[in-house]
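# Descriptive analysis of the structure
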Amino acid sequence: MGDIAELDVFSSIREPFRNFAREVCNRKKKILLISQPNIRGALTLAPIEAALLDSGLPYRRRFTDQSPDSETFVRIAEDSGKGRTSKNGIVISEFVVEGLRGSSGDSRKGPLCTVAQAHFLATEINPGSERLRRLRPWILSGNWIGDSLDRAYDPVYSFLRDYLSEQGMSSEINEIFQNLDKSQKLKVIIQLLRKVDM
């Protein structure tokens, strides 16, 4: 597996996210990052902020339930459904994609969480971002705090975990989370985020 931008799990969002990132980089206007005030929102915005910081692009962050105003925006939605783009921005929301193929060729589907999509968008904004590289193992954090791992096998999580492993990342963080319940995971995430030097 190569660059994260070319992974199959991102194929359905590749073009709109790539076009939006190109527009952001070319216009160099201030971007509004919007999320509800929760841990999932913070984890989703972190890679985008990292890429913007390393690119020297201006942005504002707002934790709110309100819709964005007229400026360029990235909004993290709590509802399910493929992300939407408009002339001013992009909405990132969780939706189901093919993660892996079974041994008999059957499709194994799972949720593509907002955190993973944000890592993809951030890579499109600044593929060489050092801050983003340090945050890369956190691409799995949306799956850790979601409930898909508690209910069943998650092929998207497995695909991304395997990708990170092949890249020499995440084994340490992944091992920490495998045997924790949801409240323990949240506590560890908060502690680890405090240690990440942005």
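For the structure, see preceding data.
Figured I'd write up the structure that's included with this text. Keep in mind that this is a model prediction, so the values were computed, not measured.

## Notes on the pattern of salt bridges
- For the coordinates displayed, the defined rule picks out 10 salt bridges.
- Of the charged contacts in the structure, one is a salt bridge between E130 and R133, with a shortest N-O distance of 2.6 Å. Taken together, the positions of E130 and R133, both in helix α4 (residues 130–135) and three residues apart, correspond to about one turn of that helix.
- Looking at E130, the relative accessible area reads 38%, which means it is partly exposed.
- Taken together, the shared-partner salt bridges in this structure form one network comprising E6, R14, E15, R18 and E124.

## Some details on helix α3 (residues 114–125)
- In a regular helix each residue adds 1.5 Å, so 12 residues correspond to 16 Å; α3 covers 16 Å between its end C-alpha atoms and thus fits that length.
- Buried residues dominate α3, accounting for 12 of its 12 residues.
- T114, V115, A116, Q117, A118, H119, F120, L121, A122, T123, E124 and I125 are the residues of α3 that are buried.

## With respect to the pairing of strand β3 (residues 73–76)
- Here three bridges tie strand β1 (residues 31–35) to β3, and the two strands are oriented parallel to one another. Across the sheet, L33 pairs through a bridge with V74, a residue of β3.
- Where β3 meets strand β5 (residues 89–92), four bridges bridge the pair, whose relative direction is parallel. If you follow V74 over to β5, its bridge partner there is I90.

## Describing the pairing of strand β2 (residues 59–63)
- Looking at chain direction, β1 and β2 are connected through five bridges and run parallel. Its bridge partner lying in β2, S35 is registered against F63.
- One crossover worth recording links β1 to the parallel β2 by way of helix α2 (residues 39–55), and it is right-handed.

## So, the environment of I125
- Inspection of the secondary structure assignment puts I125 in helix α3.
- For I125, a relative accessible area of 7% gives the class buried.
- If we skip the residues at most four places from it in the chain, I125 touches A21, C25, I48, A51, L52, S55 and L57.

Basis of the calculations
For every chain, the first residue of its written sequence is number 1, and the numbers climb from 1 along that sequence. Only residues with pLDDT of at least 70 are given local features in this predicted model, and only at 80 or more are side-chain atom pairs given and counted; all residues enter the totals for whole chains, interfaces and linings. The basis for every side-chain value is the complete set of heavy atoms in the structure, and neither hydrogens nor water enter the calculation. Whenever Lys or Arg places a side-chain nitrogen within 4 Å of a carboxyl oxygen from Asp or Glu, that contact is recorded as a salt bridge. Put simply, DSSP H or I for four residues or longer makes a helix, DSSP E for two residues or longer makes a strand, and each gets a number counted from the N terminus. Buried, partly exposed and exposed residues are distinguished by accessible area as a fraction of the type maximum, computed with a 1.4 Å probe on protein chains only: under 20%, between the cut-offs, and over 50%, respectively. By this rule, a helix spans an expected 1.5 Å times one less than how many residues it contains. Should DSSP find at least two bridges between two strands, the strands are taken to pair. Convention used here: a crossover is right-handed provided that the path from the first strand, over the helix, to the second strand proceeds clockwise when the strands point away from the viewer. Here, residues are in contact when the closest pair of their heavy atoms is within 4.5 Å.

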